[in-house]
Amino acid sequence: MNKPDLLKPTLIAGLIAGIIVSIPILGGVLTCCVCIKFWAPGVLGVLLYNKAAKPLGYPVRAGDGALVGMVSGVFAGITHSIINVAKMAIVGNAAEQARIDEALAGLSPDQQWLADWIRGVLASSQSIGGMIIMLLIATFLFALFSAISGMVAAMVAGSKGRGPQGGSQWYPPSGSPSAPTTPHVPPEPPPSAFGPGGSA
Amino acid sequence: MALLESAAVEAPVRTGRRAVLLAAALSVPLLLVILPPLLEHAGLAAAAATIREAFHPFCHQDPERSFPLLGTTLAVCVRCTGAYGGVALAGLLFPLMPRLVPDPDTRGGRLWLLLTLPGLLHPVFSKLGPLSDAPWLRGGTAMLASCALALLLCRVVAAIPAARPFPLEAPSHEQA
C-alpha cells in the first residue's frame, strides 16, 4: 500500500499556519480561542495528508497524524519565527523603541537604573542569540502541540472511514477498485532495540 | 479470528529508555515556564526576558492571571501552566500505567478524548458566568485535558516498533 507524500502537505500546512498566526491582531484572537495557534498546523497538515491518502486507500492512523502534525509544527514554528524576526527588523523595532523610550522618560532620575536595566534586557532579547533561542523554543512548542493536534485530527478524521473495530481496518468508499476483501493486518514489529517488548 | 483482530488493533507497547526520553522531552516546556523567575532571582534577567519573549506569542502573560514565584510570575498564565504541567505529568505517568491508556485508533481512544471536554468548555462557561474563574479551576481543567492528550501521544510513540540496529545477516530460514 502506497503512503502519501509527507513533505508536501506538512510544508503547505506549516507555511499557511505560520503566516496566519503571525498576523498581529488575528494571532491574538487565535490565542484566545483555546490556543488555536498551537493546534492549527497539526490539524491542517492532517487534513491535507488525509486528502492525499484517500485515493491511495491508505488508512491515516493516530501515529501518522502525530508525525504529520509534528513536521507541520516544525515548519510553522520556523515560518512564524522568520516572520517575527523580519517584522522586528522592518517595523517593530522603531515603533516599539519609541514607545518604550516614551514610557521610560517618565521615570525619575533615581530610577534611571531601572530604565538602563530594561533597555539592556530588551537589547539582549533582540540579539542574534536571543532570537535563536526564541526560534528553538517556538519550534519545539509548535512541534509538540501540533503532534498532539495532528494525532487527534487523525483519530477524528480516521474514525469516519474505519469499521466498527477501528484500529487498522480500513474501508475505502464503495465502488473503489482498491477496496480490500480482508482487513489490513500490520506486519509483526521487529524486536525492540531496548530489550523485550511488553508493558513496564 | 478474534485474536487476529486484536493483534491488528493492539500494537505492542514499549517503555523503558524510550519512555525516559519521552518524559524528559515532555517536561521541557514546564521547565522553561518555571525558569524565568529563577533566572531573575539569580541575576540573569536577560536570559529570563528571552524565555518570556519566546512564550509571548502563545500566551497573554497577564501577571494577575499567572502564578507568583520569588517575587515575580511564571512565564505564562495559570491556564497555560496547567497545560504544560499536564504534558509533563503525562510523561511521568505513562511508564506507570501504559496499559491503561487506550490505543488512539480504537473506540476507547476516541472516548478518552472526552477527558479534554472540561478544559475546552471551562474558558467558555467561566466567561458566560455559570462556572467560577478560580485559578485552580483554570489550571486544573487545562492540566486534565493536556495530560489526557499527552498520554495518548505517549501511547502512539511507545507503539512505534524499534528499528533493527544493523541487519547484516540474512534470516536463518533463508540460509537453509
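Data block above holds the structure.
It should be emphasised that the depicted structure is a prediction, and the values quoted were computed from it without experimental measurement.

Draft legend 1. View of the overall build of chain A. Within chain A one finds six helices and zero strands. Mapped in sequence order, the helices and strands of chain A form the string α-α-α-α-α-α. Here chain A holds 200 residues, and the buried ones make up 38% of them. Long-range contacts, defined here as pairs at least 24 residues apart, represent 73% of the contacts in chain A between residues at least 6 apart. Carbon and sulfur atoms make up 71% of the accessible area of chain A, which totals about 10,400 Å².

Draft legend 2. Structural context of helix H4 (residues 78-93) of chain B. Residues and elements named next belong to chain B. Between the first and last C-alpha of H4 there are 22 Å, a value that for 16 residues agrees with the 22 Å anticipated at 1.5 Å per step. The buried fraction of H4 amounts to twelve of the 16 residues, a majority that puts the element mostly inside the structure. Of the residues making up H4, those classed as buried are Val78, Cys80, Thr81, Gly82, Ala83, Tyr84, Gly85, Gly86, Val87, Ala88, Ala90 and Gly91.

Draft legend 3. The packing of aromatic side chains, seen in detail. Under the criterion given, the structure shown has three aromatic pairs over all chains. Seen in terms of ring centroids, Phe145 of chain A and Tyr84 of chain B are 5.7 Å apart; in terms of plane orientation they differ by 70 degrees. Their pairing is edge-to-face. Taken together, the positions of Phe145 of chain A in helix H6 (residues 128-161) and Tyr84 of chain B in helix H4 put the pair across two chains. Among the aromatic residues, ring-to-ring pairing joins Trp39 and Phe145 of chain A together with Phe55 and Tyr84 of chain B into one connected group.

Draft legend 4. Representation of a nonpolar patch on the surface within the structure. Residue and element names in this part refer to chain B. A contiguous nonpolar surface patch, about 810 Å² in accessible area, is contributed by Leu111, Leu114, Leu117, Leu120, Leu121, Val124, Phe125, Leu128 and Leu131. No other element matches helix H6 (residues 117-128), which puts six residues into the nonpolar patch. Note that Leu128 resides in helix H6.

Draft legend 5. Structural detail: helix H3 (residues 36-53) of chain A. With 18 residues, H3 of chain A extends 25 Å from end C-alpha to end C-alpha; this agrees with the ideal 26 Å at 1.5 Å per step. Considered for burial, the residues of H3 of chain A that qualify are Lys37, Phe38, Pro41, Gly42, Gly45, Val46, Tyr49, Asn50 and Ala53 of chain A.

Draft legend 6. Representation of the packing of helix H1 (residues 7-22) of chain A against H3 of chain A in the model. All names here are of chain A. Where H1 meets H3, the closest approach of the two axes is 8 Å, and the angle between their N-to-C directions is 150 degrees. Looking at the two axes, H1 sits roughly antiparallel to H3. For the element pair H1 and H3, the recorded crossing hand is right-handed. The segment H1 lies against H3, with Pro9, Ile12, Ala13, Ile16, Ala17 and Val21 engaging Lys37, Ala40, Pro41, Leu44, Gly45, Leu48 and Tyr49.

Draft legend 7. Local environment of the nonpolar core. Among the nonpolar cores identified, the biggest contains 53 residues, and Leu141 and Met151 of chain A together with Phe55 and Tyr84 of chain B are the most heavily contacted of them. Of all the secondary-structure elements, those providing two or more residues to this core are H1, helix H4 (62-105) and H6 of chain A together with helix H2 (17-41), helix H3 (45-55), H4 and helix H7 (135-158) of chain B. Among the elements that make up this core, the one with the highest residue count is H6 of chain A (13 residues).

Parameters and conventions
Residues numbered from 1 in each chain as written. Chains lettered and ligands numbered in written order. Predicted model: local features only at pLDDT ≥ 70, side-chain atom pairs only at ≥ 80, totals over all residues. Heavy atoms only, no water. Helix = DSSP H or I, 4+ residues; strand = E, 2+ residues; numbered from the N terminus. Buried < 20%, exposed > 50% of the residue type's maximum accessible area, 1.4 Å probe, protein only. Contact = heavy atoms within 4.5 Å. Areas by Shrake-Rupley, 256 points an atom, 1.4 Å probe, with all protein chains shown as cover. Expected span 1.5 Å × (residues − 1). Phe/Tyr/Trp six-rings, centres within 6.5 Å; stacked < 30°, edge-to-face > 60°. Patch = residues over 30% accessible without salt bridge, like charges linked within 9 Å, V, L, I, M, F, W, Y side chains within 5 Å. Salt bridge = Lys/Arg side-chain N within 4 Å of Asp/Glu carboxyl O. Axes fitted to C-alpha atoms, helices over the stretch in contact; angles between N-to-C directions. Parallel < 35°, antiparallel > 145°, perpendicular 65-115°, else oblique. Left-handed = near helix turned anticlockwise from the far one by under 90°. Core = buried A, V, L, I, M, F, W, Y, C linked by side-chain atoms within 4.5 Å.

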